[in-house]
Amino acid sequence: EVQLQASGGGLVQAGGSLRLSCAASGFSFDDSAIGWFRQAPGKEREGVACIRNSDGSTYYVDSVKGRFTISSDNAKNTVYLQMNSLKPEDTAVYYCAAVPMRLLGRLERLGVHEFDFWGRGTQVTVSS
């Protein structure tokens, strides 16, 4: 049974930091890509960052590049999203998702339809 559990969300002040965790089980973690997505009220769910677990290569969308860092701990089957210099526009429910790397092809294909397995999200709220 594939399971993805996002955690670590909360309320932070603008300019602050937060680290999200995604605990994965039930699939070949090392052969997969893990993506972080977010959805704000009234907006489409959008990709944020993605990591290839086999070698740790990463991809970020422009809006978070330089502020967010995605990383993986293969021994723990866990992916992290370190979020620094948070802005109010980062407020959203954050989700992690997985797909076999052989099906994704390139990390730049960070779209909701490319990822097969999803977990429940965690709320991140950034105050002004």
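Report follows, based on the coordinates. (Residues numbered from 1 in each chain as written. Predicted model: local features only at pLDDT ≥ 70, side-chain atom pairs only at ≥ 80, totals over all residues. Heavy atoms only, no water.)

## Some points on the nonpolar core
Soluble globular proteins tend to bury their nonpolar side chains together. Rules: By nonpolar core is meant a set of buried Ala, Val, Leu, Ile, Met, Phe, Trp, Tyr and Cys residues that side-chain atoms within 4.5 Å join together. Throughout, exposure labels follow a simple rule: accessible area from a 1.4 Å probe, protein chains only, divided by the maximum for the residue type, with under 20% read as buried, over 50% as exposed, and the rest as partly exposed. Strands here mean DSSP runs of E at least two residues long; helices mean DSSP runs of H or I at least four residues long; both are numbered from the N terminus.
In terms of nonpolar packing, the biggest core is built from 29 residues, with W36, L81, M83 and Y94 touching the most fellow members. For this core, the secondary-structure elements that each account for two or more residues are β1 (3-7), β3 (18-25), β4 (32-39), β5 (46-52), β7 (68-73), β8 (78-83), β9 (92-100) and β11 (122-127). Core analysis: the next-biggest nonpolar cluster, separate from the first, contains 10 residues, C50, V99, M101 and L107 among them.

## Things to note about the pairing of β7
As a reminder, the rule being used: Only when DSSP finds a minimum of two bridges between them are two strands counted as paired.
As judged from the six bridges shared by β7 and β8, these two strands associate in the antiparallel manner. Its bridge partner being in β8, T69 is matched across the sheet by Q82.

## Considerations on the sheet that holds β1
Here is the rule: A fitted line through C-alpha atoms represents every axis, and for helices the fit uses only the stretch in contact; the resulting angles, taken between N-to-C directions, go from 0 to 180 degrees.
An order of β1-β3-β8-β7 is seen for the four strands of this open sheet, with the pairing classed as antiparallel. The open sheet has two free edges, formed respectively by β1 and β7, since each of these has just one partner strand. Across the sheet, the axes of successive neighbouring strands diverge by a mean angle of 15°, strand direction being ignored.

## Section: the pattern of salt bridges
Applicable threshold: A side-chain nitrogen of Lys or Arg and a carboxyl oxygen of Asp or Glu constitute a salt bridge if their distance falls within 4 Å.
Applying the stated criterion across every chain yields a total of seven salt bridges. D90 is the salt-bridge partner of R38, the closest N and O atoms lying 2.9 Å from each other. You can see R38 sitting in strand β4 and its partner D90 sitting in the loop between β8 and β9, a full 52 residues away along the chain. Classification of D90 by relative accessible area gives buried; the value is 1%.

## Remarks on the state of the cysteines
Just so we agree on the cut-off: The rule for a disulfide is simple: a pair of cysteine sulfur atoms within 2.5 Å.
Using the criterion set out here, one finds one disulfide in the structure. The side chain of C22 participates in a disulfide bridge whose partner is C96; the two sulfur atoms lie 2.1 Å from each other. The sign of the S-S torsion, about 75°, decides the handedness of the disulfide formed by C22 and C96: right-handed. Within this pair, whereas C22 is found in strand β3, its partner C96 is found in strand β9, the two being separated by 74 residues in sequence. Considering cysteine sulfurs only, C22 is the nearest to C50, which forms no disulfide, with 11 Å between them. Take C50: its relative accessible area is 0%, and that puts it in the buried class.

## Section: the environment of S17
We apply this condition: For this analysis, a polar contact is any N or O atom pair within 3.5 Å, provided that within protein one partner can donate a hydrogen and the other can accept it, and provided that sequence-adjacent residues contribute only side-chain to side-chain pairs.
Positionally, S17 belongs in the loop between β2 (11-13) and β3. Given the relative accessible area of 42%, S17 is considered partly exposed. Linking S17 and N74, residues 57 residues apart in sequence, is a C-alpha distance of 24 Å. Within polar-contact distance, the side chain of S17 engages the side chain of N84 at 2.8 Å.

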